[in-house]
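Each chain, written out:
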Amino acid sequence: MLSSPFAGELAGTLVLILLGNGVVANVILKQTKGEGSGWIVIATGWAVAVIMGVFTANAFGSADAHINPAVSLAFGVLEGDLGKLPVYIPAQITGAFLGAVLVWIFYRPHFDVTADPATKLACFSTGPAIRSVSSNLASEVIGTVLLLVVIAAIGKAGSAPGAGPVPTGLGPYLVGMLVWGIGLSLGGTTGYAINPARDLGPRLAYTVLPISGKGDPDWAYGWIPVAGPLAGALIAAGVISLFL
């Protein structure tokens, strides 16, 4: 069998991006069946993408199923072992890149009939509703801290006084609901990357793919959805170690 932690993180992140960026493309590109269906559809699609990405990562050999460098960093710090990062993070970025390529292949005719370059970029990477470095960075940091602290809380829920254990297999669904909530409540400022691979891999794909009528990949903003979640991961690790 070819399953391994690297294969698991790559496959899981690929599924995450194929379904997550796929729902964005379905909603905002021209002449799709889902054109104009709105933010709730996008947030719901991303929640499902997370759930299916986690199950895929597990099946392909990653017991951790992080599919997010910020998750890998936070739990590496908490465990005092960063040895998984050189395996997980390249796999996650590669999977995100390949997932974005598949979205382009799948929706290629719709990219061709969509005139606005910014809309095409939005099918790959995140961007700010109002451009402000400090506010955009804060959004990504806060969203990532919330993601990681609540993931840890879900893991500890069974040990809380008077609480029963979280049933085996329910965790991915709860994390999906968490991401759904983050998208609905906190996604309106930057598009809630909260995952460096989710933005970096697809932005790289957008940069190199021969997409008709594409514009600038906006690397001037691209550092924020990478640095923000990584900073949030370190803050979350501190909070989790103190309280959980």
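Here goes a summary of the coordinates provided. (Residues numbered from 1 in each chain as written. Predicted model: local features only at pLDDT ≥ 70, side-chain atom pairs only at ≥ 80, totals over all residues. Heavy atoms only, no water.)

**Description of the overall build of the protein chain**
Test applied: Strands here are runs of E lasting at least two residues and helices are runs of H or I lasting at least four, both read from the DSSP assignment and numbered beginning at the N terminus. Radius of gyration here uses only the C-alpha atoms, and the compact-globule reference equals 2.2 Å multiplied by the residue count raised to the power 0.38. Under the scheme applied here, a residue whose accessible area is under 20% of the maximum for its type counts as buried, over 50% as exposed, and between as partly exposed, the area being computed with a 1.4 Å probe on protein chains only. Note on contacts: a residue pair qualifies if any of its non-hydrogen atoms lie within 4.5 Å across the two residues. Only the protein chains shown count as cover for residues, and all accessible areas are computed by the Shrake-Rupley method using a 1.4 Å probe. In this tally, Lys and Arg are treated as positive and Asp and Glu as negative; His is ignored, and so are the chain termini. The atom standing in for a charge is NZ when the residue is Lys, CZ when it is Arg, CG when it is Asp and CD when it is Glu.
When you go through the protein chain residue by residue, the secondary structure sums to 11 helices and zero strands. The secondary structure elements of the protein chain, listed N-terminal to C-terminal, are α-α-α-α-α-α-α-α-α-α-α. Radius of gyration (C-alpha) of the protein chain: 17 Å, near the 18 Å computed for a compact globule of 244 residues. Referenced to the eigenvectors of the C-alpha coordinate spread, the extents of the protein chain come out at roughly 55 × 45 × 30 Å. Looking at the protein chain as a whole, 48% of its 244 residues qualify as buried. Expressed as a percentage of contacts within the protein chain between residues at least 6 apart in sequence, the contacts between residues at least 24 apart total 79%. Accessible area of the protein chain: about 10,800 Å², with a carbon and sulfur share of 71%. Each charge class in the protein chain can be summarised by its mean position, and for the 10 positive and 11 negative side chains these summaries are 6 Å apart.

**Let's talk about the side chain of S72**
Considering the arrangement of structural elements, one finds S72 in helix α3 (residues 69-79). If we ignore the near neighbours within four places in the chain, the residues touching S72 are H66, L85, Y88 and Q92.

**Digging into the environment of G232**
Inspection of the secondary structure puts G232 in helix α11 (residues 224-243). Overall, the relative accessible area of 0% leaves G232 in the buried class. For the pair formed by G232 and A74, sequence separation is 158 residues and the distance between their alpha carbons is 8.6 Å. Apart from the residues lying within four places of it in its own chain, the contact partners of G232 are V141, T144, V145 and L148.

**Comments concerning the layout of surface pockets**
The criterion, for reference: Only protein atoms enter the 1 Å grid used here, on which a cavity is any set of points holding a 1.4 Å probe that cannot leave and a pocket is any open set flanked by protein within 12 Å on both sides along at least five of seven lines; residues with an atom within 4 Å of a point are listed as lining. Grid points are joined across faces, edges and corners, and a volume is the space filled by probe spheres set on the points. Residues were grouped as follows: Ala, Val, Leu, Ile, Met, Phe, Trp, Tyr, Cys and Pro as nonpolar; Asp, Glu, Lys and Arg as charged; and all remaining residues, including Gly, as polar.
Its boundaries defined by the atoms lining it, the largest pocket holds a volume of some 840 Å³. Where the lining of the largest pocket is concerned, the elements lending two or more residues are α2 (39-59), α3, α7 (133-156), α8 (171-186) and α11. For the lining of the largest pocket, the residue count by class is 23 nonpolar, nine polar and five charged. The space that makes up the second largest pocket amounts to roughly 290 Å³.

**A closer look at a nonpolar patch on the surface**
Operational definition: Patch membership needs two things, relative accessible area over 30% and no salt bridge, and members are linked within 9 Å if like-charged or within 5 Å if nonpolar (Val, Leu, Ile, Met, Phe, Trp, Tyr). Salt bridge, as used here, is a side-chain nitrogen of Lys or Arg placed within 4 Å of a carboxyl oxygen of Asp or Glu.
On the surface, W39, I40, M177, W180 and L184 cluster together into a nonpolar patch covering about 510 Å² of accessible area. Elements with a minimum of two residues in the nonpolar patch: α2 and α8. Tallying contributions element by element places α8 first for the nonpolar patch, with three residues. Taking the relative accessible area as the measure of exposure, M177 reaches 52% and is therefore exposed.

**Here we look at the pattern of salt bridges**
Inspection of every chain in the model, using the stated rule, returns four salt bridges. Measuring nitrogen to oxygen at the nearest pair gives 3.6 Å for the salt bridge that ties K30 to E35. Using a relative accessible area of 40% as the deciding quantity, one classes K30 as partly exposed. One salt bridge in this structure joins D199 and R203, with 2.9 Å as the shortest N-O distance. With a gap of four residues between them, D199 and R203 both fall in helix α9 (residues 196-208), about one helical turn apart. Residue D199 is classed as buried on the basis of its relative accessible area, which comes to 0%. Among the residues examined, R203 registers a relative accessible area of 0% and is labelled buried.

Note that all results are geometric; they support no functional claim without further evidence.
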